[in-house]
Amino acid sequence: MKKLFFLILMLFFTASILNAQDDKVFVKDYLERLEKSKTYLILVAESMPEDLYEFKATPESMSFAEHLMHIAWAMDWHSQSLMGGRDARDWNTDTELKVDNKSKLDMISKLNETFEKTIEFISDFDTNRLDERLDYFGADRTKRQILMLLSDHITHHRGQMLVYLRLNGLKPPRYVLYQ
């Protein structure tokens, strides 16, 4: 009976170690993907002339600039607030991650800064907390799932920005793989 107990204990311990290693690999892979996503999004942002940053596909759509800053806002909220516990920015009063009166260069700089803060946050994140659950707009999600949702969100808005380039007769930058 002692041998069986010891064997079960060893299996549990081994599984815990393997799971921790899997979590570290997940974060490492995620960060590589996020870095590539940053590279590609900045190329997309640089490809649109500043005088077309207010372009909208339809009147009710976000402008190119609004998509760009919305991505920064969402990165900040998903990482710093939702996963990190910092109070969320007040959308009505906080203009740091809004278009406001920012130039193209200002927006790209703010986007880059937000990517760097998000990458730093995820790099330092305790992987033992990836299975913690949160309420995500009424859905029960793990912090691991929140990271995947963030990647999907960036891709969703960047895809619309790529269409905006095409609608203005511009060729989007070559796709940056793995993101």
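Before any of the text, the structure's been laid out above.
Thresholds, definitions, all that
Residues numbered from 1 in each chain as written. Predicted model: local features only at pLDDT ≥ 70, side-chain atom pairs only at ≥ 80, totals over all residues. Heavy atoms only, no water. Helix = DSSP H or I, 4+ residues; strand = E, 2+ residues; numbered from the N terminus. Buried < 20%, exposed > 50% of the residue type's maximum accessible area, 1.4 Å probe, protein only. Contact = heavy atoms within 4.5 Å. Areas by Shrake-Rupley, 256 points an atom, 1.4 Å probe, with all protein chains shown as cover. Salt bridge = Lys/Arg side-chain N within 4 Å of Asp/Glu carboxyl O. Axes fitted to C-alpha atoms, helices over the stretch in contact; angles between N-to-C directions. Parallel < 35°, antiparallel > 145°, perpendicular 65-115°, else oblique. Left-handed = near helix turned anticlockwise from the far one by under 90°.

*Asks:* Hey, could you run me through the overall build of the chain in this one?
*Replies:* In terms of regular secondary structure, the chain is built from four helices and two strands. The order of α-helices and β-strands along the chain, N terminus first, is α-α-α-β-β-α. Residues classed as buried in the chain amount to 42% of the 179 residues present. Looking at the chain alone, contacts between residues at least 24 apart form 70% of all its contacts between residues at least 6 apart. For the chain, the computed accessible surface area is about 10600 Å², with 58% contributed by carbon and sulfur atoms.

*Asks:* Sorry, what's going on with the pattern of salt bridges here?
*Replies:* A side chain of one charge can pair with a side chain of the opposite charge if their charged atoms are brought near each other. The tally for this structure, following the rule as stated, stands at 14 salt bridges. Across the pair Lys38 and Glu35 runs a salt bridge whose closest N-O atoms are separated by 3.8 Å. Of this pair, Lys38 and Glu35 both sit in helix α1 (residues 2–47), three residues apart, roughly one helical turn. Judged by its relative accessible area of 32%, Glu35 falls in the partly exposed class. Several salt bridges share partner residues, and in doing so they unite Asp76, Arg86, Arg89, Asp94, Glu96, Lys110, Glu113 and Lys117 into one network.

*Asks:* Looking at this structure, how should I read the packing of helix α2 (residues 64–83) against helix α3 (residues 104–124)?
*Replies:* Packed helices, taken two at a time, are described by the angle between their axes plus the distance between the axes. The contact between α2 and α3 brings their axes to 10 Å, and the two run at 25 degrees. With respect to α3, the axis of α2 lies roughly parallel. Crossing handedness for the pair α2 and α3: left-handed. Counting all contacts with α2, which are made through Ala65, Leu68, Met69, Ile71, Ala72, Met75, Asp76, Ser79, Gln80 and Met83, the residues of α3 involved are Met107, Lys110, Leu111, Thr114, Phe115, Lys117, Thr118 and Phe121.

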